[in-house]
Amino acid sequence: MKFIPTVTGVLITALSLAFFFGQANSDTAQPAASNTPHPVSVEKNHPLAMAHEQLKKAYEDYNKGDLAAVQKELNIASQWLQNSNISQDTKTRDEAARLNSDIQQLQQKISRPGTQKKPEEEHESAISRIWHRSTALVEREIQQAAKGWAETTAANKTLKYLVDARLHFHYAEHDLFISRNREKANSELQQTLLYLDRASKVANPEAQQKIMALRAEIQSLASTAKPDPEQVRIINALNTAQTAIQDSSQGAPAEIRNRLTRIATDISQLKQDIGSLENKQHYEAIMQKLQALDTAL
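Residues numbered from 1 in each chain as written. Predicted model: local features only at pLDDT ≥ 70, side-chain atom pairs only at ≥ 80, totals over all residues. Heavy atoms only, no water.

1. Points about the confidence of the model for the chain
Here the chain shows a mean pLDDT of 81. Residues at 70 or above account for 78%. pLDDT under 50 marks residues 19-44. Its contacts with residues more than four places away, or in other chains, come to 41 contacts. (pLDDT = per-residue confidence, 0-100. Contact = heavy atoms within 4.5 Å.)

Written out as structure tokens, the structure is:
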């Protein structure tokens, strides 16, 4: 399944305005403005936003089969992520370094002999995941810029941890519902729980109660949800259809057999999608509650 995360122009503009690099100059080691989607001065663009734009282009070019362009765009994104002005925040720098490491690992895989001739689904998924993570990191940086961390109040300390909890919960979305990598998803959900625990320790009683309730919901999301009766009915019907297709394909002409095989594959994908629907709805409900926690501080 293809997944296309997006960051709107408003989001990019907000990040650019929030982080104006007055101290930057043309001698700073970073991609030239001509390599960006819209040539503008480097000082007015945040490195995370520019890296995100390059990752978006890399994803689009991978689907076009232009692997040379993909490698170029990944290189540019990597340079932006290594920009010394990326952030003064330790968490942002650490996450940018992780993202850069993922890019470099992907580049090595793409450059292996034989890969350059034919795009592979696993690489498309990896680019999609990296792009998704850059989206989450851009959004975190905007939240951080909007709030500011100069204050040392309990509410501000709580908010810092909630922002990081949302970052890892956003990361988990791709692993849960697109790549369906349960190990990676659970790793991000555990990080979400870790930051919620830290937030709970400094939160006021009202926020603390809501955080603990959300913690329980996230733990339930980490486990495999049991399908409801309606989902079971649909999946059983699809299983029957698959069996009928397999029976019909025996002895059928090659062209018909190939078409039936494609239909059976689509049914398998549909069963997976139905199986994850309930969890997806649960995920979105939790994210809304995570975002609403700010009002309780």
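2. Considerations on the environment of Ser-78
Looking at the secondary structure, you find Ser-78 in helix 3 (residues 67-81). Residue classification places Ser-78 among the buried positions, given a relative accessible area of 5%. For the pair Ser-78 and Leu-55, spaced 23 residues apart in sequence, the C-alpha to C-alpha distance is 9.4 Å. Those residues within four positions of Ser-78 in sequence are excluded, and the remaining contacts are Asn-100, Ile-103 and Gln-104. A polar contact is formed between the side chain of Ser-78 and the side chain of Gln-82, at a distance of 3.0 Å. (Helix = DSSP H or I, 4+ residues; strand = E, 2+ residues; numbered from the N terminus. Buried < 20%, exposed > 50% of the residue type's maximum accessible area, 1.4 Å probe, protein only. Polar contact = N/O pair within 3.5 Å; in protein donor to acceptor, adjacent residues only side chain to side chain.)

3. Comments concerning helix 6 (residues 154-177)
For helix 6, spanning 24 residues, the distance from its first C-alpha to its last is 35 Å, which sits close to the expected 34 Å at 1.5 Å a residue. Across the 24 residues that make up helix 6, a large majority, 19, are buried. (Expected span 1.5 Å × (residues − 1).)

4. Some thoughts on the nonpolar core
Nonpolar side chains in soluble globular proteins tend to end up buried together. Within the largest apolar cluster, 29 residues are counted, with the highest numbers of intra-cluster contacts made by Leu-55, Val-70, Leu-74, Leu-81, Ile-103 and Ile-110. Of all the secondary structure elements, the ones that give two or more residues to this core are helix 2 (47-64), helix 3, helix 4 (90-110), helix 5 (121-147) and helix 6. In contact with Leu-81, not counting residues within four places along its chain, are Leu-48, Ala-51, Ile-86, Ala-96, Leu-99, Asn-100 and Ile-103. In this structure, Ala-203, Ala-207, Leu-221 and Leu-290 belong to the second largest nonpolar core, which totals 25 residues. (Core = buried A, V, L, I, M, F, W, Y, C linked by side-chain atoms within 4.5 Å.)

5. Points about the side chain of Asp-89
On the secondary structure map, Asp-89 appears in the loop between helix 3 and helix 4. Here Lys-91 takes part through its backbone nitrogen, which lies 3.2 Å from a polar atom of the side chain of Asp-89. Among the polar contacts listed, one links the side chain of Asp-89 to the side chain of Arg-140, at a separation of 3.0 Å. Those residues in contact with Asp-89 that lie beyond four places of it in its chain are Arg-140 and Gln-144.

6. A look at the environment of Ser-187
With respect to the helices and strands, the residue Ser-187 is situated in helix 7 (residues 182-202). Linking Ser-187 and Ala-172, residues 15 residues apart in sequence, is a C-alpha distance of 8.2 Å.

7. What about the packing of helix 6 against helix 8 (residues 205-222)?
Geometry of a packed helix pair, given as the angle between the helix axes and the separation of the axes. In the contact formed by helix 6 and helix 8, the axes pass within 13 Å of each other and the chain directions differ by 15°. Considering their axes alone, helix 6 and helix 8 lie roughly parallel with respect to each other. Pair helix 6 / helix 8 crosses with left-handed handedness. Residues Thr-158, Leu-162, Phe-169 and Leu-176 of helix 6 touch helix 8, and the partners they reach there are Ile-211, Ile-218 and Leu-221. Along the lines of polarity and charge, the residues of the contact of helix 6 with helix 8 split into 6 nonpolar, 1 polar and no charged. (Axes fitted to C-alpha atoms, helices over the stretch in contact; angles between N-to-C directions. Parallel < 35°, antiparallel > 145°, perpendicular 65-115°, else oblique. Left-handed = near helix turned anticlockwise from the far one by under 90°. Nonpolar A, V, L, I, M, F, W, Y, C, P; charged D, E, K, R; others polar.)

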